[in-house]
Amino acid sequence: MVLPGLPLGERVRQQRIRLGRTQAVVAGLCGIATDCLSQIERGLRVPSSEVVGRLAAGLRVPAGWLLGDDDSPPALGAAGCGG
């Protein structure tokens, strides 16, 4: 369960784990380096809006949820980044 007010990186990490995916798999799906994803999850890097969109697609959640605009738990949907 995701608690209200969690930072983007923590939301990314929790959803990735919920889907049972490794950082390498999610990073590959979204076209970013594993190190970059790791830094995003730890709050050391702020992703561009393009990367947020790719992460949202790869993690099967709305971008607004990653950004904290919606605290309702994401539903599991179709897989993949951008399609």
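Conventions used here
Residues numbered from 1 in each chain as written. Predicted model: local features only at pLDDT ≥ 70, side-chain atom pairs only at ≥ 80, totals over all residues. Heavy atoms only, no water. Helix = DSSP H or I, 4+ residues; strand = E, 2+ residues; numbered from the N terminus. Buried < 20%, exposed > 50% of the residue type's maximum accessible area, 1.4 Å probe, protein only. Contact = heavy atoms within 4.5 Å. Areas by Shrake-Rupley, 256 points an atom, 1.4 Å probe, with all protein chains shown as cover. Core = buried A, V, L, I, M, F, W, Y, C linked by side-chain atoms within 4.5 Å. Axes fitted to C-alpha atoms, helices over the stretch in contact; angles between N-to-C directions. Nonpolar A, V, L, I, M, F, W, Y, C, P; charged D, E, K, R; others polar. Salt bridge = Lys/Arg side-chain N within 4 Å of Asp/Glu carboxyl O.

Undergrad: How do you make sense of the overall build of the protein when you look at a structure like this?
TA: The secondary structure content of the protein amounts to five helices and zero strands. For the protein, the succession of helices and strands along the chain, N to C, is α-α-α-α-α. Looking at the protein as a whole, 39% of its 83 residues qualify as buried. Sequence separation of at least 24 residues holds for 49% of the intrachain contacts in the protein that already meet a minimum separation of 6. If you sum the accessible surface of the protein, you get close to 4500 Å²; carbon and sulfur atoms cover 57% of it.

Undergrad: Before we go on, may I ask you to explain the nonpolar core in this structure?
TA: Side chains of nonpolar character tend, in soluble globular proteins, to be buried together. One finds V12, I32, L37, I40, L55, L59 and L66 to be the most contacted residues of the largest nonpolar core, which totals 18 residues. Only helix 1 (8–18), helix 2 (23–30), helix 3 (34–41), helix 4 (49–59) and helix 5 (63–66) provide two or more residues apiece to this core. The element that contributes the greatest number of residues to this core is helix 4, accounting for five residues. If we ignore the near neighbours within four places in the chain, the residues touching L59 are V12, Q15, R16, L19, V26 and L66.

Undergrad: Can you help me understand the packing of helix 1 against helix 3 in this one?
TA: Geometrically, a packed helix pair is captured by the angle between its two axes and the distance between the axes. Here helix 1 crosses helix 3 at 115 degrees, and the two axes come no closer than 7 Å. Contacts from L8, G9, E10, V12, R13 and R16 of helix 1 reach helix 3 at L37, I40 and E41. Split by residue class, the contact of helix 1 with helix 3 holds four nonpolar, one polar and four charged.

Undergrad: Hey, could you run me through unusual backbone geometry in this one?
TA: Trans peptide bonds make up the majority, and among non-glycine residues the majority have a negative phi. The phi dihedral of R60 falls on the positive side, at around 60 degrees, and the residue is not glycine. For R60, a relative accessible area of 21% puts it in the partly exposed group.

Undergrad: Help me out: how do you make sense of the pattern of salt bridges in this one?
TA: Any two side chains of opposite charge can pair if their charged atoms end up close together. Applying the stated criterion across every chain, the model contains three salt bridges. With a closest N to O distance of 2.6 Å, E10 and R13 form a salt bridge. Note that E10 and R13 are positioned in helix 1 at a spacing of three residues, about one turn of the helix. A relative accessible area of 29% places R13 in the partly exposed class.

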